[in-house]
Structure formats: structure tokens, C-alpha cells
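Notes for the structure review
Chain by chain, the residues:
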Amino acid sequence: MNIEQVKERAGPREFGPSDEMPEPYRKAATRMIQFHANSEIMGALIERPFIRQAPSLERKLAVSAQVQDEIGHGQLLYRAAEQLGVKTREEMLDELADGRGKFLNCFHYPLDHWYELPMIMFFVDGAAMRRQASLKRTSWEPYAHAIDKICFEEGFHIKHGEDILREIATGSRRDKELLQDAFEKWWPRILQFFGPTDDDSTHGGFAQEVGLKTMSNDDLRNAFLNAYLPKAEKYGLEIPEYPRIEYDESRDHYEIENSDLDWAEFETVSKNEYPPGREQIDSRGRRQEAVDWVREAIMDDSTTAVTGTTGAAAD
Amino acid sequence: MTELDPRDLSETEYAAVTAELETLADDQFVVAERYTDWQTRGPTLEADIAVANIAQDEYGHARLWYDLLEDLGHTEQELIWERDPASFRHATLLELGYETGGWADCVLRGYLYDVFEQLHLGALEETTYPRIADRLGKVQGEEGYHREHTESWLDRLTEDAAPGDEALVRLQAALDRLYPHALTLFEPTEHETQIVELGVRSTPLADLRGDWLAITTPFLGGLGLDVPDPELPESGVRGRDGTHTDDWERLYNEFTYTYEMLDREPRKLLVDPDEVGG
Amino acid sequence: MRFEVFRQEKRKEYHQHVGDVHAPDMELAKQYAQVIHARRKPANSLWVVPKDEIGTVDADEQSVEMGGTTQKQYRWATNFATGEMPEEIEESEREQQSVERDAAGESDD
């Protein structure tokens, strides 16, 4: 198949491992799914401290299950990416460890305490869920299969996140203040989750043409705000004055004043150069390296796909 | 032996049942806490997910036993979050922190504990406390999986290993470090005599040690490991009597961190202008 | 040798187990599979797997955990009452409810 044929046929779950996909498709799909898989792993990483710090046994169980789910999502997604024949899972995990692997902006910011947790577990996961739901119709079938299971599990995460939010929001005055502080700190990052409003993002156009993506970032952000702004208000959170958001009734659309957001920081984050985020990446990398000996010890002698081999899996 | 009536326990019976339930629950709670150290840090994605599952099983078992203590009038707050760290009864084996990359420690510790746990639960099959008997089956079902999981890992790590191979060296170092602490699994609480006499658990913990040695010594030897002499930790900590290592204090401070922080509005805020005059 | 056969009826669907074939090697097994398991029922793709290469886990075996034997309500969306949710969350919850119902139905048998 050439690219023109791919664009013509592009539709939900249209292409799978038995189709001969052209290189630009395989590369674009690998980049997108690898980014998604990396984001699951790094999302799990910033939630991880709250397994220990959760304030009840029930919460501990739920946070642990959630982190477990996210690693499981990574496992599913790396496979969906691997099937494109561009990179092996080991290669993608090594890229994540050495700082080449990219992932969502919000997971570059470590969480200071429990009050920040719902910012990730409710708002960021909610935004991610919006995007994921639209990917049930992606053109790479193995990706859609992974998304089926991710969406099946993810409802639990967001409801648990909202439950934590509710609990804090109905706590003491100090709890509410700390919650509002956390919200103000995270709100601009959450708005940046879907990228700049006025550009179509470098790869968005092609990914949409070949059916990998089914909705534009702008539409996704809008759908997210429609659903989650009322939730924020429900729990007494005040939407900060800046960044300015204008609702345009005629278009049922939220306009965000782009210049109110720190895009220079976003750029730094995207390149894995934001120092606290970089430390997250490096610390995870060191942990991965520290158990290299285990992978070597259990490696089947017949398998040679160890770190350092180059040849990507053949089709 | 006479069955105990949970709604009508004498003071001695109450103390014995409480001590045994705390031993069960605290062991499970702390082993779970340490398993979660491996979440996002497992040697493979699959290993990571399996360890998370085991951690949740163990928390779940802790909850089953803490529930029985709640039946006796305690709250989760008292049993975990506001409890004096020096009154926790778990064995010191379970509280030790891992060294970075210490997967050998993780699976070996899991194995040493799983064998003990199996014997401990087996010794409770004839318990005179009916509520423990009711819950045993469910817990035993999951513990079987845990034990096979740790055994599989130990087999896999040592398979075809020659003396001096990294996996064996690491396992031996972990065994030397953990072994004295593993022996604290068999240390009694101050209520051990009553626990045995009342039949809450008719076999003394110390008697399970022989069975445990008979299972673990040949298994570990078969992996190519030298099993140390059975001696308790030099530091003198015993776990079940409330004496613990420094690692426990750090762990306790971490897991109570949010609990301490939440909802702690100082009383003086009541004179806040918004609050007065209404 | 025995081979288990999995058939995918149409593109985009999952492969499902349909039966086996006895054959001396993989090449013949793949040829037999086509005429035995895809003769009338349509097939877009077949997976043919040596029986000996398949690991089996049965729920009633000792030390088999599957989903676990103790209460795991904490990992279900239905555990949290949060009012009306965005459609994709509601859908996720409906899928979970249906799985929970199936599981409850089985344990009642």
C-alpha cells in the first residue's frame, strides 16, 4: 500500500499486522503509540508515592490497583506499537530510560502531596480518557484493541480521582485552601494538555489523514472543558482569572488566550529538559538499570533481543 | 477445646485473640507495604504487574484480619493510622527497606514469608475463634499463588547459574541479611501462652519453626545457596514484641504522612471572623 | 502432532478458538486447518498453534488465583458514587458492571 491508498482506505480499525503499511504510516503510528505508552508509565510513576501515602486502607488498595492498571496499559500499548515493526519494546523502554522517549506534559511535574493527586487522577486522567475514547476508532487495529481494554479500566480511575477530590473538597477549611492552591498550580498545565490552540501540531495533520487520530486537539480540549469545568465548580474550585477562557456561545466553543500560557515551559517540558521532569526520567532510568541484572539472568538463551541490539523486528 | 464466643470474651480471651489477629494483620499489612516499593520498578512490566497484584492481595488479607479487630470495637484509625509504631506486631523481616535493584531480596523475602504464612494459616485451621476459621479459606487460596510465584522466580534466577554468577551472589547476600530477621517470624507476643492454651492457635509459633526449616533449608540449598545458622538479629530487635528496626520508623512516617496532614484544622481557626457571630 | 486452530471470521475481529487438527508438521497443519475449520464458515485469518506449546491455567487448580478470592471492590468504577459523569466514563462503568454481573452469575452456580 502506498500513502495515497492508506489515506483513501483510512477508517476505524482498518489496518493490522497483515497489511503492508508504508513506512511513513508505521513511523507515525509508532511515534504516537510509543508516546501514549510512555505516558502511562510516567503517569504511574508520579502517582506511585501515593500508594504509600494514601490515608486509608481502601485508598491504598485503589491507588495500587490504578498504578498497576497503568503499567498494564503500557504493556498493551508497547505491544500495539511493536507490531508496526519499527521498534521492540526493549528499545522503547530504553529510549524512555535515557531521555529520548517523549510523553505528556503533565507527567513531567512531580506531585508534592495528596491534595495534588486529584489534579492528575481526575482532571488529567479525564482529559486523557477523552482522547482515548476517540481512539477506539483509530485506524491501527492493534492500537484500537489496546484502547478497548484501557477504556474499560479507566472509568475506575477517574471516578476514584473524583472521589478523592470530593473528600478533600468537603474537608476542613485548610484542606479546601490547599486544594484550591493545587488547582491553581495545575490548571494551566491541564489546559496545555492538548497542546497550543492555534497550531495544528506538527504531526496532527498527517495522523488524522491516515486515521490514526480521529479528533483534532482543539475539539478534544473543547469537549474536555465542557465536561470538566462544571465538575470543578461542583467541588467549589475557583477557575483562575488567568489564563483567560472565553466561552463563545454561537460556536459552543471555549477560546483560550494562548498568550496567557507559558509555552516556553511547555516546549522545554516536551523536549524532556524541564529539570524536575528530567529528574523523574533519570531516576526511573536508574531504577531500570538497577534491575538489568535480573533481565540478564532470566533471559532465555535463544533470545538475543537484549539491550544494544539494533535490528528492529522484521515485518 | 471450647469454641470462643466473639460477643462474650473474658479479658484473657480478648487479649489472646487481639494479639493473634494483630500478628496476622500487621504481618500482611507490612509485607504489602514493602511489595508496593516495586510498583513501577519491577524488572519487567509483567513482573511489575504481578507484584502489584500480590501487594493488593496482602493488603486485602490485612483488611480481613483488621476487620475482625474492628468487630471487637476498634477502628481503622486506632489499628493503623493513630497506632503507636512500637505496638505493631509484625516480624522485622517484613519491614526492612530494599536496596536499589534488590529484586533478589524481594523474591527471597517473599518466599521465606510465604512458607511461614502457609504454616501459620495451617495452624489456625483448628482455631477456637470461629471468625478466624471463617476467613481462612479465602486467604489460603491467594497465598498459594504467592508462594508459587516466588518459587518460580527463585528457580528461574538460579537455573543454570554457576557459582559466582551475579544472581546467585545477590541471592546469597540477601539470604545472609534477611535470615536472622526471618527468624523473628517465630517470636512470640507476650500473649503466646494464652493463645495456645485457649486454642486460638494450638501450635506455638516456635514449633512452626521446625517445619519451616524442614521446607526452606533443602529448597534453598537446592538453589545453590548456603543457609546460615539460625540466629536472631544481633541488634536485638524481635518484631512481635514491638521492637523494630529503624526502617520501620521511616516506613511508618511515610505511610502516615497524608493521614497526619489531612483535615487537621487547628482549633484556633474557630475564631476566624467568618466563623464567629453566626 | 496436535495443533489448536483459532479463526478470525472477518477483518478487525478477534481470533477465536474453533478446534484442532492432527498433522505431522506445521505446513500440513496449516493446510488441514483451511479445509477443516474454514470450509463453510468464512475466515479472514487462521492461527495454528502446536498444542504442546500452549500453557493452560484452570481456575479450579490449586494455587491458581485468576482474579483473586478475596473482595476486590476497590478496583471497580462502581465502587465510587460521583454522580453524572462524561459519556466515556459512563460507558466504561457500564462495561465494568456487565463484567461484574457475569462474574456474580458464575459464582452463584
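If you're wondering where the values come from, they're calculated on a predicted model, not measured in any experiment. (Residues numbered from 1 in each chain as written. Chains lettered and ligands numbered in written order. Predicted model: local features only at pLDDT ≥ 70, side-chain atom pairs only at ≥ 80, totals over all residues. Heavy atoms only, no water.)

**Topic: the overall build of chain B**
Note the threshold: The secondary structure listing takes helices from DSSP runs of H or I that are at least 4 residues long and strands from runs of E that are at least 2 residues long, numbered from the N terminus. Each radius of gyration reported is based on C-alpha atoms, and the globular scaling rule is 2.2 Å times the count of residues to the power 0.38. The buried label goes to any residue with under 20% of its type's maximum accessible area, the exposed label to any with over 50%, and the partly exposed label to all in between, with areas taken from a 1.4 Å probe on protein chains only. Contacts are assigned to residue pairs with any non-hydrogen atoms lying within 4.5 Å of each other. Every accessible area reported is derived by Shrake-Rupley at a probe size of 1.4 Å, with residue values counting cover from the shown protein chains alone. The charge count includes Lys and Arg as positive and Asp and Glu as negative, but it does not include His or the ends of the chains. Here the site of a charge means NZ on Lys, CZ on Arg, CG on Asp, or CD on Glu.
Across its full length, chain B holds 10 helices and 0 strands. What you see in chain B, going N to C, is helices and strands ordered as α-α-α-α-α-α-α-α-α-α. A globule of 278 residues ought to have a C-alpha radius of gyration of about 19 Å, and chain B, at 21 Å, matches this closely. Overall, chain B is about 80 × 50 × 35 Å in size when its C-alpha atoms are taken along their principal axes. Here chain B, with 278 residues, has 56% of them falling under the buried criterion. The long-range fraction of contacts in chain B, counting pairs at least 24 apart against all pairs at least 6 apart in sequence, stands at 80%. Taken as a whole, chain B presents about 11,400 Å² of accessible surface, with 47% of it coming from carbon and sulfur. Each charge class in chain B was averaged separately, 22 positive and 61 negative side chains, and the resulting centres sit 2 Å apart.

**Let's talk about the interface of chain C and chain B**
Which entries qualify depends on this criterion: Computed with a 1.4 Å rolling probe, the buried area is the accessible surface lost when two parts are put together, summed over both parts. Whenever Lys or Arg places a side-chain nitrogen within 4 Å of a carboxyl oxygen from Asp or Glu, that contact is recorded as a salt bridge. Side-chain atoms alone can form a polar contact between residues adjacent in sequence; in general such a contact is a pair of N or O atoms within 3.5 Å, and within protein one must be able to donate a hydrogen while the other accepts it. Throughout this entry, Asp, Glu, Lys and Arg are counted as charged residues, while Ala, Val, Leu, Ile, Met, Phe, Trp, Tyr, Cys and Pro are counted as nonpolar. The remaining residues, Gly among them, count as polar.
At the junction of the two partners, chain C supplies 9 residues and chain B supplies 13 residues. Interface area, chain C with chain B, both sides summed: about 980 Å², of which 39% is carbon and sulfur. It is Ser-63, Glu-65 and Thr-70 of chain C that lose the most area in chain C upon contact with chain B, and together they represent 53% of the buried surface on that side. Across the chain C-chain B interface, the total number found is 2 salt bridges. In this structure, Asp-57 of chain B engages Lys-72 of chain C in a salt bridge whose closest nitrogen and oxygen atoms are separated by 2.5 Å. Our enumeration of links across chain C and chain B arrives at 4 residue pairs in polar contact (both at pLDDT 80 or more). Residues of the side of chain C that touches chain B, tallied by class, amount to 1 nonpolar, 5 polar and 3 charged.

**Notes on unusual backbone geometry**
Cis geometry marks the peptide bond from Tyr-242 of chain A to Pro-243 of chain A, where omega comes out at -10 degrees. Looking at where Pro-243 of chain A falls in the secondary structure, it is placed in the loop between α10 (217–234) and β1 (245–248). Unusually for a residue other than glycine, Thr-40 of chain B sits at a positive phi of about 70 degrees. When you line up the elements, Thr-40 of chain B lands in the loop between α1 (11–35) and α2 (45–71). Note on Thr-40 of chain B: relative accessible area 10%, which makes it buried. In this structure, Asp-160 of chain B is a non-glycine residue whose phi angle is positive, near 60 degrees. We classify Asp-160 of chain B as exposed; its relative accessible area is 72%.

**Looking at the interface of chain B and chain A**
With 51 residues of chain B at the contact, the number on the chain A side is 44 residues. Approximately 4,400 Å² of surface area, both sides summed, lies buried where chain B meets chain A, with 59% of it carried by carbon and sulfur atoms. The largest per-residue losses of area from chain B upon contact with chain A belong to Thr-40, Arg-41 and Leu-45 of chain B, which jointly make up 16% of the total buried on that side. Linking chain B to chain A there are 6 salt bridges. Note that Asp-37 of chain B is salt-bridged to Arg-52 of chain A, the shortest N-O span being 3.1 Å. Here chain B and chain A share 21 residue pairs in polar contact (both at pLDDT 80 or more) between them. Each residue belonging to the side of chain B that touches chain A can be placed in one class, and the counts come to 22 nonpolar, 11 polar and 18 charged.

**A word on helix α5 (residues 89–97) of chain A**
With respect to burial, α5 of chain A is a largely interior element, 7 of its 9 residues being buried. As for α5 of chain A, its buried residues are in contact with α2 (23–47), α4 (57–82) and α12 (275–290) of chain A together with α2 of chain B. Gly-99 of chain A sits one or two positions beyond α5 of chain A and adopts a positive phi of about 90 degrees.

**Considering the packing of aromatic side chains**
Residues and elements named next belong to chain B. The condition is simple: Any two of the Phe, Tyr and Trp rings considered here, Trp counted by its six-membered ring, make a pair once their centres fall within 6.5 Å; the pair's planes then place it as stacked at under 30 degrees, edge-to-face at over 60, or tilted in between.
In total, this model carries 33 aromatic pairs over all chains according to the counting rule given. Between the aromatic rings of Phe-29 and Tyr-66, the centroid separation amounts to 6.3 Å while the plane-to-plane angle is 70 degrees, which identifies the pairing as edge-to-face. Here Tyr-66 lies in helix α2 and Phe-29 lies in helix α1, a separation of 37 residues in the sequence. For the pair Phe-29 and Tyr-66, one class covers both residues: buried.

**Some thoughts on the domain arrangement of chain C**
Quick note on the threshold: Boundary definitions for the domains trace back to an automatic or database domain assignment.
Each assigned domain of chain C is listed here: domain 1 (2–53) and domain 2 (73–108). Here the C-alpha centroids of domain 1 of chain C and domain 2 of chain C sit 35 Å apart.

**Notes on the confidence of the model for chain B**
Rules: Each residue carries a pLDDT score, the predictor's own confidence in it, on a scale running from 0 to 100.
Summarising the model, chain B shows a mean pLDDT of 92, and 95% of its residues fall at 70 or more. Confidence drops under a pLDDT of 50 for residues 266–278 of chain B, and excluding neighbours within four residues, the segment shows 8 contacts in the predicted structure.

**Here we look at the packing of α4 of chain A against α5 of chain A**
All names here are of chain A. Filter applied, for reference: What counts as an axis is a line fitted to C-alpha atoms, over the stretch in contact for a helix, and the angles between N-to-C directions run from 0 to 180 degrees. Handedness of each helix crossing follows the sense of rotation of the near helix against the far helix: counterclockwise by less than a right angle gives left-handed, clockwise gives right-handed.
Where α4 contacts α5, the axes come no closer than 9 Å and their chain directions differ by 120 degrees. When the axes of α4 and α5 are compared, the crossing they make is right-handed. The segment α4 lies against α5, with Gln-75, Tyr-78, Ala-81 and Glu-82 engaging Arg-89, Glu-90, Met-92, Leu-93 and Leu-96. Considered class by class, the residues forming the contact of α4 with α5 number 5 nonpolar, 1 polar and 3 charged.

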